[in-house]
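Structure assessment
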Amino acid sequence: MNPKAKSASYVIVGASAAGVTAAEALRRYDAGAEIVMVSDERVIYSRPLLSYYLAGKLDEDQLLYRPRDFFERYKIKTLFTRAVGLDTEKSQVHLQDGTTVAYDKLLLATGSSPRFPTVEGIRQRGGVFGLRKLEEDAKAILSWLPKAKRAVVLGGGLVGLKAAAALKERGLHVTVLVDSPHALSQMLDESSARIFEEIFERNGVPIRTKAKPVALLGKNNSGVEGVQLASGEVFACDLVVVGKGVDPNLELLEDTKLRKDYGVFVDDYLCTSIENIYAAGDVAQARDVLRGEAWINALWPCAVEQGRIAALNMLGQETVYRGSMRQNSVQFFGVPVISAGLAVLTPGPLGGRSGEHDETLEFRPAPGIYRKIFLKDETIVGFVLVGDLPIERAGLLRILMDRRVNVAGVKEELLEPGLDLGYLLPLIAENREQFVEREFRELVQTVGV
Amino acid sequence: MERLFCDPRRCVACRACEIACAVEHTSSKELFAAVLNGDLGPPRRRVQRLGANPFRVAIGGVALSLGCHHCDPAPCVDACITSAMHKVNGETVCDLDKCVGCWMCVMSCPYGAITPRVKALKCDLCPDRKERRESARYACVESCPTDALFAGRFEDFESVLARPIERPWEVVR
Ligand SMILES: Cc1cc2nc3c(=O)[nH]c(=O)nc-3n(C[C@H](O)[C@H](O)[C@H](O)COP(=O)(O)OP(=O)(O)OC[C@H]3O[C@@H](n4cnc5c(N)ncnc54)[C@H](O)[C@@H]3O)c2cc1C
């Protein structure tokens with residue numbers, strides 16, 4: 001045995017949404033457990049808030065969603081380094097400093113990293129950033145800002161557009177270049193996306209669709225000077241932010257037999273193909289309720305829930321993971337949008353088909369304000385809600401979709417922003433075997449159905 | 001943990017609880033002053049008709065007054081990107097100083113119990129009434145003219161539900 005090997009019961013690699021929640025659950029149910037977290041970031045902060053930080057709306061302290069002394073409070077041993085390898089036979093994680101850490105149960109919560117497109121010069125030019133990490137990305141962009149007047153954002157996904165809006169607030173000229181026919185193609189259908197393209201335009205951030213970058217101009221090892229498109233057109237700029245989606249962090253698993261596809265495969269207990277290794281969050285390819293196959297929904301709520309459920313299973317408290325689904329809520333220039341489900345299925349790194357719905361319900365009280373619901377076989381498979389009123393009580397649609405409830409009898413009412421739980425209660429009672437939460441059981445009992 | 005329940009047999013959808021809740025969450029805590037000051041926000045609980053038919057007999061009652069159920073685990077807490085929404089002794093609490101209004105909680109709440117108004121507003125179990133006792137502990141319970149609202153554990157509420165009621169409003173129209 002390696003004399004330097006440190007022994008531990010639970011080892012978690014990654015201290016973000018999934019890892020932190022898992023550690024809390026482990027501690028909650030096992031006061032004496034030895035918990036070790038391996039992390040290449042020292043601070044626990046909220047990644048979704050990075051764009052607020054970039055915009056100057058929140059300071060660093062406001063990004064912290066746990067106290068600074070979290071690790072001490074939860075009696076967690078920390079190894080602030082990178083995990084570089086995994087020996088599943090010996091149950092050891094190899095660390096960058098050459099040491100190893102042994103585990104009885106391991107949780108992979110390594111998350112994901114920005115996907116950089118293959119564009120000439122993208123790695124050689126200065127002033128080219130992703131937006132994922134506080135130090136390497138957000139702070140690096142901020143320290144580049146004094147040199148920057150014009151920014152180009154590559155990618156019209158959620159992170160790309162959040163970055164674009166933040167840079168605009170910092171007073172830069174910002175242009176967004178999107179490969180796809182429309183922005184937010186993973187989140188919105190085309191007509192909804194057009195609304196947001198116009199909102200960006202109106203706020204001085206033009207979005208160019210079907211714009212394929214082929215080269216980043218500039219001299220090697222100096223700042224970027226422009227982005228050249230396949231068409232030959234050039235956008236002059238001194239800052240580039242890449243927001244073209246993410247890929248799971250799998251380096252650690254390269255030489256292992258762990259079953260992986262796009263991410264690490266996990267079963268309904270969030271266990272990988274190796275018995276004492278679990279995975280949660282952006283790295284884990286787990287059940288998707290709507291698709292019925294393993295998928296990665298790289299989202300904060302999914303990472304948190306998976307972290308907790310993985311921990312319960314690591315503790316031996318068998319807990320089934322129901323599955324995740326695509327869902328998001330954001331605001332751009334004051335206009336809120338909540339969208340969830342499959343309606344806007346576009347091919348992504350995992351493939352994907354479009355046209356999964358056979359009926360669309362729509363309610364548009366005013367231009368740019370609406371509820372749109374996509375159905376397949378009388379069940380909700382997706383929705384897009386835009387505007388202050390339409391987003392209210394969005395969770396009701398989400399739970400009906402999540403529980404695959406036949407909504408044939410209530411279609412018109414689903415469109416009304418005034419829809420409430422009382423109205424849906426008879427339907428919930430009819431499908432009560434789907435609504436297992438204590439709160440739902442109590443409610444159904446209360447009304448004596 | 002003590003929670004709030006509504007007996008649909010007694011609820012007549014008068015919405016007194018909504019007003020009381022809205023007033024409780026103003027600085028003056030008085031209806032008249034709150035209206036004059038333009039300080040009246042949305043109620044954190046809402047009266048909801050049961051089903052399509054407002055007098056739907058099959059369900060046994062007419063309406064329900066519903067607010068946060070303080071779920072455990074709570075989907076809104078899982079979804080919160082700032083930890084504004086958090087648990088304190090079983091209670092789901094929103095720290096308004098931390099809320100950035102992203103509405104992830106609105107998307108997640110299966111009961112539709114969170115109202116997006118700059119910040120995420122929800123039932124906070126009347127923190128300013130912590131010293132009060134009995135029905136005065138909660139503004140909504142205090143205001144309920146038919147005693148439909150009940151504070152306690154669900155088991156206590158179940159025994160209330162098990163007892164027949166003799167009030168005129170039990171009549172199912
Ligand atoms: C700008 C931005 C905005 C976002 N907005 C939203 C939003 O509005 N809604 C939403 O739902 N989601 C949003 N997300 C996505 C959300 O942040 C992620 O889904 C979530 O952070 C995933 O959590 P995780 O714990 O799985 O992984 P991560 O948060 O990626 O954390 C993984 C951690 O592990 C560390 N790590 C990785 N490999 C190793 C290794 N080998 N050794 C040691 N440490 C390692 C990483 O450095 C990192 O600290 C956003 C993300 C970004 C970047």
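None of the values given here were measured: they were computed from a predicted structure.

The rules we used
Residues numbered from 1 in each chain as written. Chains lettered and ligands numbered in written order. Predicted model: local features only at pLDDT ≥ 70, side-chain atom pairs only at ≥ 80, totals over all residues. Heavy atoms only, no water. Helix = DSSP H or I, 4+ residues; strand = E, 2+ residues; numbered from the N terminus. Rg over C-alpha atoms; globule rule 2.2 N^0.38 Å. Contact = heavy atoms within 4.5 Å. Areas by Shrake-Rupley, 256 points an atom, 1.4 Å probe, with all protein chains shown as cover. Lys, Arg positive; Asp, Glu negative; His and termini not counted. Charge placed at Lys NZ, Arg CZ, Asp CG, Glu CD. Patch = residues over 30% accessible without salt bridge, like charges linked within 9 Å, V, L, I, M, F, W, Y side chains within 5 Å. Salt bridge = Lys/Arg side-chain N within 4 Å of Asp/Glu carboxyl O. Buried < 20%, exposed > 50% of the residue type's maximum accessible area, 1.4 Å probe, protein only. Pairing = 2+ DSSP bridges. Right-handed = clockwise from strand over helix to strand, strands pointing away. Core = buried A, V, L, I, M, F, W, Y, C linked by side-chain atoms within 4.5 Å. Near = heavy atom within 4 Å. Polar contact = N/O pair within 3.5 Å; in protein donor to acceptor, adjacent residues only side chain to side chain. Domains from an automatic or database assignment. Buried area = accessible area lost by both parts, 1.4 Å probe. Nonpolar A, V, L, I, M, F, W, Y, C, P; charged D, E, K, R; others polar. pLDDT = per-residue confidence, 0-100.

Attention now goes to the overall build of chain A. The helix and strand tally for chain A stands at 12 helices and 26 strands. Taking 449 residues into account, the globule formula puts the C-alpha radius of gyration at 22 Å, and chain A, at 23 Å, falls close to it. Projected onto its principal axes, the C-alpha coordinates of chain A cover approximately 70 × 70 × 35 Å. Sequence-distant contacts, at least 24 apart, represent 61% of the contacts inside chain A between residues at least 6 apart. Only carbon and sulfur atoms are counted for the fraction: they give 47% of the accessible area of chain A, which is about 18200 Å². In chain A, 55 positive and 59 negative side-chain charges are present, and the distance between their average locations comes to 4 Å.

Next up on the list: a nonpolar patch on the surface. On the surface, I19, L31, V35 and L40 of chain B cluster together into a nonpolar patch covering about 330 Å² of accessible area. By the element assignment, L40 of chain B lies in the loop between α2 (31-36) and β2 (46-49).

Residues and elements named next belong to chain A. Burial of strand β11 (residues 173-177) is extensive: four of the five residues sit out of reach of the surface. Here five bridges tie strand β10 (residues 150-154) to β11, and the two strands are oriented parallel to one another. Bridging from a neighbouring strand, L154 pairs with L177 of β11. Handedness of the crossover joining β10 and β11 through helix α6 (residues 158-169): right-handed.

Turning our attention to the nonpolar core. Residue and element names in this part refer to chain A. Counting 190 residues, the largest nonpolar core has V93, L167, L239 and I380 as its most contacted members. If sequence neighbours within four positions are ignored, V93 has contacts with V11, A83, G85, L86, T99, T100, V101, Y103, L106 and L252. Core analysis: the second largest hydrophobic core is formed by 15 residues, V128, V152, F235 and V240 among them.

Let us look at the site of the ligand. Residue and element names in this part refer to chain A. Neighbouring the ligand are 34 residues, the closest being S16, D40, E41, R47 and R132. The separation between an oxygen atom of the ligand and a polar side-chain atom of K133 is 3.0 Å. N328 is positioned such that a nitrogen or oxygen atom in its side chain is 3.1 Å from a nitrogen atom of the ligand. Burial of the ligand by the protein amounts to 98% of the accessible area it has alone, namely 1000 Å².

In this section: the domain arrangement of chain A. As assigned here, chain A comprises domain 1 (9-46 + 63-113 + 247-314), domain 2 (128-244) and domain 3 (327-447). When each unit is reduced to the centre of its C-alpha atoms, the spacing between domain 1 of chain A and domain 3 of chain A is 31 Å.

On the chain B side, the residues contacting the 44 residues of chain A number 45 residues. In this assembly, chain A packs against chain B so that about 3700 Å² is buried in total across both faces, 59% of it on carbon and sulfur atoms. By the criterion of area lost to chain B, the three top residues of chain A are R393, E439 and T446 of chain A, representing 14% of everything that side buries. The salt bridge partner of R117 of chain B is E392 of chain A, with a shortest N-O separation of 2.6 Å. Taken together, the connections running from chain A to chain B amount to 17 residue pairs in polar contact (both at pLDDT 80 or more). At the level of secondary structure, the elements contributing two or more residues to the side of chain A that touches chain B comprise α8 (300-314), β22 (327-332), β23 (335-341), α9 (394-402), α11 (421-430) and α12 (438-446) of chain A.

To continue, consider the side chain of S39 of chain A. Topologically, S39 of chain A is positioned in the loop between β2 (35-38) and α2 (50-55). In this structure, S39 of chain A is in contact with A15, L79, F80 and T81 of chain A, ignoring residues within four places of it in sequence.

Let's shift gears to the domain arrangement of chain B. Residues and elements named next belong to chain B. In terms of domain boundaries, chain B breaks down into domain 1 (1-67 + 123-173) and domain 2 (69-116). Listed as interface residues are 10 residues of domain 1 and, on the opposing side, eight residues of domain 2. Where domain 1 abuts domain 2, roughly 740 Å² becomes buried across the two surfaces, and 49% of that area is made up of carbon and sulfur atoms. Inspection of the region where domain 1 meets domain 2 yields two residue pairs in polar contact (both at pLDDT 80 or more). The residue makeup of the side of domain 1 that touches domain 2, split by class, is six nonpolar, one polar and three charged.

Okay, the pairing of β22 of chain A next. Most of β22 of chain A is tucked away, with five of its six residues classed as buried. Between the end of β22 of chain A and the start of β23 of chain A, which pair antiparallel, lie two residues, with F333 of chain A showing a positive phi angle near 45°.

Let's shift gears to unusual backbone geometry. All names here are of chain B. With omega at -5°, the peptide bond leading from D72 into P73 counts as cis. Its location among the elements puts P73 in the loop between β3 (63-66) and α3 (75-79). At K29, a residue that is not glycine, the phi angle is positive and equals roughly 60°.

All names here are of chain A. Strand order in the open sheet made by the three strands is β18-β20-β21, with mixed pairing throughout. Bordering the open sheet on either side are β18 (264-265) and β21 (294-295), each of which pairs with just one other strand. In this sheet, strand β20 (residues 284-287) lies alongside β18 in parallel orientation, the contact comprising two bridges. Among the inter-strand pairings, V264 is bridged to a residue of β20, identified as A284.

This next bit is on the confidence of the model for chain B. All names here are of chain B. With 90% of its residues at a pLDDT of at least 70, chain B reaches an overall mean of 90. In this model, residues 54-60 is a region of pLDDT below 50 whose contacts with residues beyond four sequence positions or in other chains number 17 contacts. Note that residues 168-173 has pLDDT below 50 and, in this model, 12 contacts with residues that lie over four places away or in other chains. Across the whole predicted complex the pTM is 0.95, and at the interface the ipTM reaches 0.94.

Let us now look at the environment of V43 of chain A. All names here are of chain A. Positionally, V43 belongs in the loop between β2 and α2. Among the residues examined, V43 registers a relative accessible area of 25% and is labelled partly exposed. Remark: the alpha-carbon pair of V43 and P206, spanning 163 residues in sequence, is separated by 35 Å.

Turning to the pattern of salt bridges, a few remarks are in order. Throughout the structure, instances matching the rule amount to 44 salt bridges over all chains. A salt bridge links E225 of chain A to K219 of chain A; its shortest N-O distance comes to 3.5 Å. Taking relative accessible area as the criterion, K219 of chain A reaches 56% and is therefore assigned exposed. Between R15 of chain B and E18 of chain B there is a salt bridge; the shortest N-O distance is 3.0 Å.

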